[in-house]
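This is what each chain is made of:
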Amino acid sequence: FTFPEERRRFRRNVTGEDPVLLKGMVRQGIPPPLRCAVWLSNIVQTCHPHQPQKMSHEYRTLAKVRILDHAYDALWHGDGAPLPQSKPELVRSQSAEPTSWVTFGNPTLIEQAGGYPPSGQAALQRVLFALEFVLGVEHAPMIPTLVTHFLGSMSESYAFTAVREMAHHSAWYWPCSQAEDVAHGRAFLDVLSKLHPTTAATLEILNAGEKFTRAIFHDVFASILPEEYTLRIVDIYTLEGTKSLFRFGVAIAVLFLKDWKGVKVHPTGALDDQEVDIERYSADTDADRFFPKLKEWSHSDMFNFDLIVKKAYGIHGRGVRKRYRFPRRPILSRILKLEEDRYFQAANDDLSTMTTTAATASTRALPLI
């Protein structure tokens, strides 16, 4: 389809906003000219389900654009504007080059932003600083990545509003503490080991699990996939939240490792019954090649994103008795809560050990002089 045909098809099919139909259309991809309106509309109706649909539809209108622009400008300009008083060097300017960064705990932000033009860096930092001022969140590594994606299709005011609305339902969209961040990574590996134990064992052998989960929950696959496919995932993420990231993480890990091992993948996304010998993959020889090969695979002509979508929303496992559906949200929330409790328990155990060691050292008899 050309863009005008895509816009007409998308608008015609989402008339009435049936939730199931909307999900199906979003999974097929939002036309780029409509992403700004649909992303923010998805976020608002997800974060405020009690409001009538016409409230979220207002964010698709030009009148709302002017309102949001005025509200965002009020943070930076005019008498009593709060942001210039605390950060005068960031007063809105298309040529201003940022001097410091609000990273929200994302360690790769500065490196990634180094490739942006000065105006893009300035816009990114202004939005991040405004969000830190309004939200008061210290650790949310996904926020800088989301703002980067949003600014590719939205104005600063819309990107700021989108993330601010997400914060009203942060449990749906991102981990917002160190404990939740670690819990999301461990929960993903738990789910992967249940659905595809061989794939999980291979990631463990390659010592690639932690880095792979950071690519999911910090970078939203931006460090793995081409931009066009990353934006397709963001299309779905704005409506379905972090569960969609779990789904796509499992699908990408399974299909890539099976392809790397030479296992036949059917067009439906199902895998054949061929067993693979994971022992022939060693951390010494293959760990350094895993992510370069993964990026090469995702950027190659053989990469089929529609197959990834089918796998993400299909049945996992093989055979008749070993078939599993993806965990529902209550089960996924339970796994996250369990991993978060384990994180706090481990932190308390480490603190108790340090306290005991310090107490033992302080009561040790001094040598005679």
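Computed from a predicted model, the values in this text were never measured in an experiment. (Residues numbered from 1 in each chain as written. Predicted model: local features only at pLDDT ≥ 70, side-chain atom pairs only at ≥ 80, totals over all residues. Heavy atoms only, no water.)

A.B. asks: What am I meant to see in the overall build of the protein chain here?
C.D. replies: For the protein chain, the helix and strand inventory stands at 19 helices and two strands. Counting every position in the protein chain, which comprises 369 residues, the buried fraction comes to 46%. Restricting the contact set of the protein chain to residue pairs at least 6 apart, pairs at least 24 apart contribute 72%. Taken as a whole, the protein chain presents about 19,000 Å² of accessible surface, with 54% of it coming from carbon and sulfur. (Helix = DSSP H or I, 4+ residues; strand = E, 2+ residues; numbered from the N terminus. Buried < 20%, exposed > 50% of the residue type's maximum accessible area, 1.4 Å probe, protein only. Contact = heavy atoms within 4.5 Å. Areas by Shrake-Rupley, 256 points an atom, 1.4 Å probe, with all protein chains shown as cover.)

A.B. asks: Would you explain the pattern of salt bridges in this entry?
C.D. replies: Between side chains of opposite charge, a pair can form as their charged atoms come close. For the structure on display, the rule yields eight salt bridges. Glu 165 is paired through a salt bridge with Arg 164; the nearest N and O atoms lie 3.3 Å apart. Judged by relative accessible area, Glu 165 falls into the buried class, the value being 6%. Note that Arg 342 and Glu 339 form a salt bridge whose closest N and O atoms lie 3.2 Å from each other. Taken together, the residues Arg 342 and Glu 339, both in helix H19 (residues 329-363) and three residues apart, mark about one turn of the helix. On the basis of relative accessibility, which here comes to 5%, the residue Glu 339 falls in the buried class. (Salt bridge = Lys/Arg side-chain N within 4 Å of Asp/Glu carboxyl O.)

A.B. asks: What should I look at first to understand the packing of helix H9 (residues 142-151) against helix H10 (residues 156-166) in this one?
C.D. replies: The packing of two helices is summarised by the inter-axis angle and the distance between the axes. One can describe the packing of H9 onto H10 by two numbers: an axis separation of 9 Å at closest approach and a directional angle of 140°. Relative to H10, the element H9 lies oblique. Note that H9 runs across H10; the crossing there is right-handed. The segment H9 lies against H10, with Ile 143, Leu 146, Val 147, Phe 150 and Leu 151 engaging Glu 156, Ala 159, Ala 162, Val 163 and Met 166. When grouped by side-chain class, the residues that make up the contact of H9 with H10 number nine nonpolar, no polar and one charged. (Axes fitted to C-alpha atoms, helices over the stretch in contact; angles between N-to-C directions. Parallel < 35°, antiparallel > 145°, perpendicular 65-115°, else oblique. Left-handed = near helix turned anticlockwise from the far one by under 90°. Nonpolar A, V, L, I, M, F, W, Y, C, P; charged D, E, K, R; others polar.)

A.B. asks: Just checking my understanding: could you explain unusual backbone geometry for this structure?
C.D. replies: Across the chain, the bulk of peptide bonds are trans and the bulk of non-glycine residues have phi less than zero. Its identity is not glycine, yet Val 220 carries a phi of approximately 50°, on the positive side. Relative to the helices and strands, Val 220 is located in the loop between helix H14 (209-217) and helix H15 (227-240). Judged by its relative accessible area of 0%, Val 220 is buried.

A.B. asks: Would you mind showing me how to read the nonpolar core here?
C.D. replies: If you look at soluble globular proteins, the nonpolar side chains tend to sit buried side by side. Formed by 88 residues in total, the largest nonpolar core has its most connected members in Phe 150, Trp 174, Phe 212 and Phe 290. In terms of residues, this core owes the most to one element, helix H16 (residues 242-261), which gives 11 residues. Apart from residues lying up to four places away in sequence, Trp 174 is in contact with Ala 140, Met 142, Ile 143, Leu 146, Val 163, Met 166, Ala 167, Glu 180, Tyr 237 and Thr 242. (Core = buried A, V, L, I, M, F, W, Y, C linked by side-chain atoms within 4.5 Å.)

A.B. asks: Is there a simple way to explain the side chain of His 48 in this structure?
C.D. replies: Inspection of the secondary structure assignment puts His 48 in the loop between helix H3 (35-47) and helix H4 (53-57). For His 48, a relative accessible area of 16% puts it in the buried group. In terms of polar contacts, His 48 uses its side chain to reach the side chain of Glu 165, at 2.7 Å. With near-sequence residues (within four places) excluded, His 48 lies in contact with Glu 165 and His 168. (Polar contact = N/O pair within 3.5 Å; in protein donor to acceptor, adjacent residues only side chain to side chain.)

A.B. asks: Can you help me understand the packing of aromatic side chains in this one?
C.D. replies: The relative placement of two aromatic rings is captured by the distance of their centres and the angle of their planes. Taken as a whole and judged by the stated rule, the model has 16 aromatic pairs. A ring pair is formed by Phe 256 and Trp 297, whose centres lie 5.4 Å apart and whose planes are at 50°; its orientation type is tilted. In this pair, Phe 256 sits in helix H16 while Trp 297 sits in helix H17 (residues 283-298), placing the two residues 41 residues apart along the sequence. What makes Phe 256 buried here is its relative accessible area of 3%. An aromatic cluster is present here, built from Tyr 229, Phe 248, Phe 256, Phe 290, Phe 291, Trp 297, Phe 303, Phe 305 and Tyr 313 joined pairwise through their rings. Here Arg 27 stacks its cationic end above the ring of Tyr 313, 3.8 Å away from the centre of that ring. (Phe/Tyr/Trp six-rings, centres within 6.5 Å; stacked < 30°, edge-to-face > 60°. Lys NZ or Arg CZ within 6 Å of the ring centre and 35° of its normal.)

A.B. asks: How should helix H5 (residues 62-76) be read in this particular structure?
C.D. replies: At 3.6 residues per turn, the α-helix brings residues three or four places apart onto the same side. The end-to-end C-alpha separation of H5 is 22 Å, in line with the 21 Å expected for 15 residues at 1.5 Å each. All of the buried residues along H5 are Lys 64, Leu 68, Tyr 72, Leu 75 and Trp 76. Along the long axis of H5, the arc covered by the buried residues comes to 120°, so they all point the same way. Turned more than 90 degrees away from the buried face of H5 sit Leu 62, Arg 66 and His 70, all of them exposed. (Expected span 1.5 Å × (residues − 1). Arc of directions from axis to C-beta.)

A.B. asks: Just to check I follow, could you spell out the confidence of the model for the protein chain for this structure?
C.D. replies: Low-pLDDT stretches of the model should not have their predicted coordinates read in fine detail. On average, the protein chain scores 80 in pLDDT, and the residues at 70 or more come to 75%. Summarising per-element confidence for the protein chain, the mean pLDDT is lowest in helix H1 (residues 3-13) (50) and highest in H15 (95). In the model, residues 364-369 has pLDDT below 50 throughout and makes zero contacts with residues more than four positions away in sequence or in other chains. (pLDDT = per-residue confidence, 0-100.)

A.B. asks: Got a minute to help me understand helix H2 (residues 19-27) in this structure?
C.D. replies: Every buried residue of H2 is listed here: Leu 22, Met 25 and Val 26. For H2, the angular spread of buried residues about the axis comes to 100°, placing them on one side. The positive-phi residue at the C-terminal boundary of H2 is Gly 29, with phi of around 110°.

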